[in-house]
Amino acid sequence: MTNHLEVLPVDPRDPLAIMADLEEALSGQRALLPVPKDDPTRAHLLRTTQRVGEPIDSDIALVVSTSGSTGTPKGAQLTTSNLISSADATHQALGGPGQWVLAMPAAFIAGIQVLVRSMVAGVEPEFLDLSQGFHVSEFAAKTRAISRTGERCYTSLTPMQLAKATSTLEGIVALRQYSAVLVGGAATNPRLLESARRLRIRVVTTYGSSETAGGCVYNGRPIAGARVRISGGRIHLGGPMVALGYRNVPSHEAFAEPGWFATSDAGVLHDGTLTVTGRLDNIIDSGGLKLHPEVLETFMLGIEGVIAACVVGVPDERLGQRICAAYTGSAPVPVLMEAFDDLPRWQVPKELKPVPALPLLGPGKVDRAAVRALFG
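Predicted model only: the values in this text are computed from it and were never measured.

(A) Focus on the nonpolar core. Core analysis: the largest hydrophobic core is formed by 51 residues, its most contacted members being Leu62, Leu83, Leu94 and Leu115. For Leu115, the contacting residues outside a window of four places in its chain are Pro15, Leu16, Ile18, Met19, Leu22, Leu102, Ala106 and Pro125. With 22 residues, the next largest nonpolar core counts Leu128, Leu157, Tyr178 and Val203 among its residues.

So, in structure tokens, the structure goes:
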């Protein structure tokens with residue numbers, strides 16, 4: 001049987017409306033491309049680039065787009081086996097199936113996997129209406145609803161959602177009800193993780209992507225079936241959750257070795273624990289010296305009053321790229337400049353800009369191109 005790729009519009013006000021379609025895709029009847037119903041520009045881009053309506057391998061259940069942080073979004077071709085193996089390994093890592101609250105957009109892999117895990121567990125998840133953003137009061141109400149079942153409770157959040165929830169007593173009480181709170185999509189402020197630990201919130205940091213059917217490394221360790229290796233400083237992820245390549249870039253080098261995905265991230269393995277040091281395509285070359293912006297971002301997040309930070313390289317005639325940084329939080333610029341005295345002089349940002357919020361591309365992912373534009 002030959003399937004043709006179909007569009008699956010996802011409404012943030014009612015993401016559970018796609019459950020029947022998702023079940024048909026997982027049973028091999030259809031191949032679907034989730035697109036955000038509330039973002040017609042992105043939906044049109046995905047329809048065009050992913051060749052909707054054209055034939056597709058019958059093994060493919062979903063084509064899930066990447067955030068497009070480095071250009072046109074790529075479409076990871078995920079099989080039923082990819083998705084189910086990821087869901088099973090997640091439940092195994094967390095201690096068993098349970099009830100889920102969907103607090104992430106279901107047009108992206110993190111949200112989709114909450115739905116898949118719920119289907120595997122045989123439960124219907126609670127969900128948040130994200131059309132107007134993430135509201136702690138709604139999150140707390142949905143948490144109370146699933147906690148009354150007496151079963152294990154799970155949710156998946158971005159670092160920003162976790163920070164918002166831990167800023168109120170209502171949010172903290174809700175977060176304590178969970179057997180595990182998965183946090184991923186971007187690096188999490190170490191101060192936030194420590195604060196959550198002290199509040200007795202069971203946070204599990206995740207690392208993965210659309211290409212690996214979601215997170216496949218939890219708290220630095222691969223989940224069941226997943227494999228991690230470092231080659232030339234680059235992180236490679238393997239296992240049954242690795243996609244069958246890209247829909248719109250069939251021969252992409254990231255999938256050159258079957259069963260493995262070569263990420264764009266640098267990292268190190270120590271005693272089997274993975275530490276992600278930054279994206280290889282984000283490296284800033286300033287005056288011939290190379291900087292992983294994530295290293296400086298992590299340093300900034302350790303400064304009291306800094307909530308989020310993004311470091312970018314801006315074209316410069318003399319240096320090639322000058323280091324610039326935008327951040328959110330209450331810390332004044334002089335406080336940050338004083339803290340930078342502990343850094344090598346060349347790493348100190350040439351421009352530093354506090355902003356109300358960092359621009360985003362997808363769930364928790366900062367739009368570095370938009371941040372770069374803030375510095376002209």
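(B) The arrangement of the pattern of salt bridges in detail. Summed over the entire model, instances satisfying the criterion amount to 17 salt bridges. Glu6 is the salt-bridge partner of Arg30, the closest N and O atoms lying 2.9 Å from each other. Taken together, the residues Arg30 in the loop between helix 1 (19–26) and strand 2 (31–36) and Glu6 in strand 1 (residues 3–10) connect sequence positions 24 residues apart. The class for Glu6 is partly exposed, based on a relative accessible area of 29%. The residue Glu294 makes a salt bridge to Arg368 at a minimum N-O spacing of 3.8 Å. Here Glu294 is found in helix 9 (residues 293–301), whereas its partner Arg368 is found in helix 11 (residues 368–373), with 74 residues between them in sequence. By sharing partners, the salt bridges in this structure join Glu6, Asp21, Glu24 and Arg30 into a single network.

(C) Structural detail: the packing of helix 1 against helix 4 (residues 109–121). Contact geometry of helix 1 with helix 4 gives a least axis separation of 11 Å together with a crossing angle of 75°. Regarding the angle of helix 1 to helix 4, the classification is roughly perpendicular. Contacts between helix 1 and helix 4 pair Met19, Leu22, Glu23 and Leu26 from the former with Leu115, Val116 and Met119 from the latter. Residue composition of the contact of helix 1 with helix 4, by class: six nonpolar, no polar and one charged.

(D) Representation of helix 9 in the model. Turning to helix 9, its buried residues are Pro293, Glu294, Leu296, Glu297, Met300 and Leu301. When helix 9 is viewed along its axis, its buried side chains cluster within an angular range of 160° and face the same direction.

(E) Expanded view of unusual backbone geometry. Positive phi, close to 55°, is recorded for Arg51, a residue that is not glycine. Along the chain, the position of Arg51 falls in the loop between helix 2 (40–49) and strand 3 (55–56). One non-glycine residue, Asn219, lies in positive phi territory at about 50°. On the secondary structure map, Asn219 appears in the loop between strand 11 (214–218) and strand 12 (221–222). Residue class for Asn219 comes out partly exposed when judged on its relative accessible area of 44%.

(F) Just the sheet that holds strand 15 (residues 260–270), in detail. Ordered in space as 13-14-15-16, the four strands form an open sheet in which the pairing is antiparallel. Pairing within the sheet leaves two strands with one partner each, and these edge strands are strand 13 (227–231) and strand 16 (273–279). Averaged over all adjacent pairs, the angle separating strand axes in this sheet is 50°, with direction ignored. Taken together, the four bridges between strand 14 (residues 234–238) and strand 15 define a ladder with antiparallel strand orientation. Paired with His236 across the two strands is Ala262, which belongs to strand 15.

(G) Summary view of the environment of Leu45. Along the polypeptide, Leu45 turns up in helix 2. Through-space distance from the C-alpha of Leu45 to that of Thr206 is 28 Å; in sequence the pair is 161 residues apart.

(H) Region of the structure containing the side chain of Gln347. Note that Gln347 resides in the loop between helix 10 (333–339) and strand 21 (351–354). With residues near it in sequence (within four places) discarded, Gln347 still touches Leu291, Leu296 and Ile323.

(I) Geometry of the sheet that holds strand 9 (residues 180–183). With mixed pairing, seven strands are arranged side by side in an open sheet as 7-6-8-9-10-11-12. The sheet is open, and its two edges are formed by strand 7 (126–127) and strand 12, each paired on a single side. The pairing of strand 9 with strand 10 (residues 203–209) spans three bridges and is parallel. Bridge assignment links Leu182 to a residue of strand 10, and that residue is Val204.

(J) Just the packing of helix 3 (residues 80–94) against helix 4, in detail. Axis separation between helix 3 and helix 4 bottoms out at 9 Å; the angle between their running directions is 75°. Looking at the two axes, helix 3 sits roughly perpendicular to helix 4. Where helix 3 approaches helix 4, its residues Leu83, Ile84, Ser86, Ala87, Asp88, Thr90 and His91 are matched on the opposing element by Ile109, Gln113, Val116, Arg117, Val120 and Ala121.

(K) Summary view of the pairing of strand 21. Pairing of strand 20 (residues 320–329) with strand 21, which is carried by four bridges, proceeds in the parallel orientation. What sits directly across from Tyr327, in strand 21, is Pro354. What joins strand 20 to strand 21 is helix 10, and the crossover it makes is right-handed.

Thresholds, definitions, all that
- Residues numbered from 1 in each chain as written.
- Predicted model: local features only at pLDDT ≥ 70, side-chain atom pairs only at ≥ 80, totals over all residues.
- Heavy atoms only, no water.
- Core = buried A, V, L, I, M, F, W, Y, C linked by side-chain atoms within 4.5 Å.
- Buried < 20%, exposed > 50% of the residue type's maximum accessible area, 1.4 Å probe, protein only.
- Contact = heavy atoms within 4.5 Å.
- Salt bridge = Lys/Arg side-chain N within 4 Å of Asp/Glu carboxyl O.
- Helix = DSSP H or I, 4+ residues; strand = E, 2+ residues; numbered from the N terminus.
- Axes fitted to C-alpha atoms, helices over the stretch in contact; angles between N-to-C directions.
- Parallel < 35°, antiparallel > 145°, perpendicular 65-115°, else oblique.
- Nonpolar A, V, L, I, M, F, W, Y, C, P; charged D, E, K, R; others polar.
- Arc of directions from axis to C-beta.
- Pairing = 2+ DSSP bridges.
- Right-handed = clockwise from strand over helix to strand, strands pointing away.

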